[in-house]
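Working through the structure, step by step
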Amino acid sequence: MCGLVGVVTKREVGVCLYDTLTVLQHRGQDAAGIMTCDNGKLNLRKDNGLVRDVFHTRHMKRLTGQLGIGHVRYPTAGSSSCAEAQPLYVNSPYGIVLAHNGNLTNQTKLAEELFQTDHRHLNTSSDSEVLLNVLAHELQIRNKVTLDREDIFSAVESLHARCSGAYAVLAAISGHGMIAFRDPHGIRPLVMGERIAENGEKEYMFASESVALDCLGFENIQSISKSSDGVYFIGTANGVSLYDPNSFRKMTSLEGMPIPPNWTSGILDLKFDKDGFLWAASGVNGLLKIKNERIERVFNTENSSLESNYVNQLEFADDGAIWLSSGGSIYRYNNGEIKIMDSELKIPAYTSIQDIAFDNEGTIWLATNRGLGRFKNGDFKIKLLKAFTI
C-alpha cells in the first residue's frame, strides 16, 4: 500500500504536497518523494524515511512550481533501496515523472519486452519503473513534438492492454500536464477533487484517500472510474483544463451539442489540427470543425464540388491542408477551396481510394481497392496485396 497525491493549481504546490503526504503517511513509511514542475523544469526530492525526515527547509525551497506529485512508499515489490523511492523520472520523451500504488503481475514479461523490443533500459527492480517506461514508449511512438489529448488517451489505452495487475497512477509530462488513471478493474483507490481559486479558475487534485482533499480544501467530486475510461488529463499548456475520455467521446458523438435538424450523428474519422481544434469527417454532414463544444460545418456534400455525397476520411498534410477521401476519390481542402486530386496523383482508372496517410518524408500512401498505393516524386505505384509476405 502506497499513498499518492497530485495537485495542479495557480499557486506554489510544494508545501501543499508536503502537508498532504503527512496526512497519507499511514499508507507508507519506507520512503517519501515530491516532484514539482516549474515552467517545464522538473524538481525532485525523494529518500527513504518518513515525510518529516525526508523534507527539510532547504529541500522545500527548491520544490517550486504550480504542478506536482507526491508519494509515500510501502514496498510490496522491488527492494527498499532509496533508488526505488518515488516519483520516478525518465527524460525521454518530453520528461515524464510517475508515481504509482499497486503491483504488476506481468512485470518480468514487460521488463523483457522493454529491453528486447522497445529498447528501453531499466535501472531498478521496481514495477513502477516498468510502468513509467511502458507509458514513455507508448507516448514516444506518437512521434510528435507536442502531444494532444488523443495521443495521451491512446497511450494510456495501450498501457492498459500491456500491463496486468492492480495500479493507480499519477504521471506528469513536462510542458503538457498531469495524467491520472487506474487499472481497468479499479482495485487501487484514486479520487479527484476540485476547488475554485481566488481568480475564479478551477484547480484540481488527485489522491489515494479523500482525507487528503479535505486537508487542502478540495471538494471530493468523484472516484476515478475503474473502467478503461477512467483516465483524466489536466492540460497546462494554455491554462488549466480538465479532459477525460467520456467527455471526449461525448463530443465526437455529437450528443448534447447544438446541431442543426436533419443531421445524422455519424462520425467516421477524427483528427486534431496544430491549434488543437477537432475536425470530423461526418458522412453526408460533410467536413465539421468542433471547438468549445460547438460544431461548425465547413462544407457539406451538397454545396461543394465533391462528386460523392459522403465524406469518410480526413488527414492533415504538413502545410495544414486537409485531404479527404470521398466516393473513392481524393480531395484537397485548403483556404476554403476543394480540389479533386485523382488526376494530379496519377491514380489509375477504376481505383477506389478508401484511406490516406503521409509519412515523414512527404510520401502519400493510399489504401485502395487494388492494394497499397504510393505517390512519391511525381510517380504513383500500387503494390498488390498478393505481393506482400503475410
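Preceding block: the structure.
Described below are features of the structure shown in this document. Note that the structure is a prediction, hence the values are computed from the model and not measured.

What follows covers the overall build of the protein chain. Within the protein chain, the regular secondary structure consists of 8 helices and 25 strands. Across the 390 residues of the protein chain, 51% fall into the buried class. Put simply, of all contacts in the protein chain between residues at least 6 apart along the chain, 54% involve residues at least 24 apart. Summed over its atoms, the accessible surface of the protein chain is roughly 18300 Å², and 47% of this surface lies on carbon and sulfur atoms.

For the rest of this paragraph, the subject is the layout of surface pockets. Rolled over the atoms, a probe as big as a water molecule pinpoints where empty space is left. Taken as a whole, the second largest pocket spans an internal volume of roughly 330 Å³. In this structure, the second largest pocket is lined by 20 residues; those nearest its centre are Cys 37, Asn 39, Gln 66, Leu 67 and Thr 236. Class assignment of the residues belonging to the lining of the second largest pocket gives a composition of 6 nonpolar, 11 polar and 3 charged.

Looking now at the pairing of strand β9 (residues 191-196). With 5 of 6 residues buried, β9 lies mostly within the body of the structure. Bridge analysis of β9 against strand β10 (residues 202-207) gives 6 bridges, and the strand direction is antiparallel. Directly across from Gly 193, in β10, lies its bridge partner Met 205. Hairpin remark: β9 followed by β10, antiparallel, with 5 residues in the connecting loop; positive phi at Gly 200, about 90 degrees. The pairing of β9 with strand β11 (residues 219-223) spans 4 bridges and is antiparallel. The residue bridging Gly 193 from the neighbouring strand is Asn 220, located in β11.

One pass over the structure, following the stated rule, counts 4 aromatic pairs. Each ring, one from Trp 279 and one from Phe 316, has its centre 6.1 Å from the other, and the planes form 80 degrees; the classification is edge-to-face. In this pair, Trp 279 sits in strand β15 (residues 278-281) while Phe 316 sits in strand β18 (residues 313-316), placing the two residues 37 residues apart along the sequence. Neither residue differs from the other here; Trp 279 and Phe 316 are each classed as buried. For the pair Trp 323 and Phe 358, a centre-to-centre distance of 5.5 Å together with 75 degrees between the ring planes defines the contact as edge-to-face. Within this pair, whereas Trp 323 is found in strand β19 (residues 322-326), its partner Phe 358 is found in strand β22 (residues 353-358), the two being separated by 35 residues in sequence. A relative accessible area of 6% means that Trp 323 is categorised as buried. Assessed through its relative accessible area of 25%, Phe 358 is described here as partly exposed.

Right, let's get into helix α1 (residues 14-23). Residues Gly 14, Cys 16, Leu 17, Thr 20 and Leu 21 constitute the buried set of α1. Buried residues of α1, viewed axially, fall in a sector of 160 degrees; they line one side.

A separate point is the packing of helix α4 (residues 107-116) against helix α5 (residues 127-140). At a closest axis distance of 10 Å, the pairing of α4 and α5 adopts a crossing angle of 45 degrees. Comparing their axes, α5 and α4 come out oblique. In this structure, the crossing between α4 and α5 has a hand that is left-handed. From α4, Gln 107, Leu 110 and Leu 114 reach across to α5, where they touch Asp 127, Val 130, Asn 133 and Val 134. When the residues that make up the contact of α4 with α5 are grouped by side-chain class, the tally is 4 nonpolar, 2 polar and 1 charged.

Turning our attention to the sheet that holds β22. Strand order across the open sheet formed by 4 strands is β22-β23-β24-β25, with antiparallel pairing between neighbours. The sheet terminates laterally at β22 and β25 (379-383), the two strands that pair on one side only. Each adjacent strand pair in this sheet contributes to an overall mean axis angle of 20 degrees, direction not counted. Where β22 and strand β23 (residues 364-368) come together, 5 bridges link them in antiparallel fashion.

The rules behind these values
- Residues numbered from 1 in each chain as written.
- Predicted model: local features only at pLDDT ≥ 70, side-chain atom pairs only at ≥ 80, totals over all residues.
- Heavy atoms only, no water.
- Helix = DSSP H or I, 4+ residues; strand = E, 2+ residues; numbered from the N terminus.
- Buried < 20%, exposed > 50% of the residue type's maximum accessible area, 1.4 Å probe, protein only.
- Contact = heavy atoms within 4.5 Å.
- Areas by Shrake-Rupley, 256 points an atom, 1.4 Å probe, with all protein chains shown as cover.
- 1 Å grid on protein atoms, 1.4 Å probe; cavity = no way out; pocket = protein on both sides within 12 Å on 5 of 7 lines; lining within 4 Å.
- Points joined across faces, edges and corners; volume = space filled by probe spheres on them.
- Nonpolar A, V, L, I, M, F, W, Y, C, P; charged D, E, K, R; others polar.
- Pairing = 2+ DSSP bridges.
- Phe/Tyr/Trp six-rings, centres within 6.5 Å; stacked < 30°, edge-to-face > 60°.
- Arc of directions from axis to C-beta.
- Axes fitted to C-alpha atoms, helices over the stretch in contact; angles between N-to-C directions.
- Parallel < 35°, antiparallel > 145°, perpendicular 65-115°, else oblique.
- Left-handed = near helix turned anticlockwise from the far one by under 90°.

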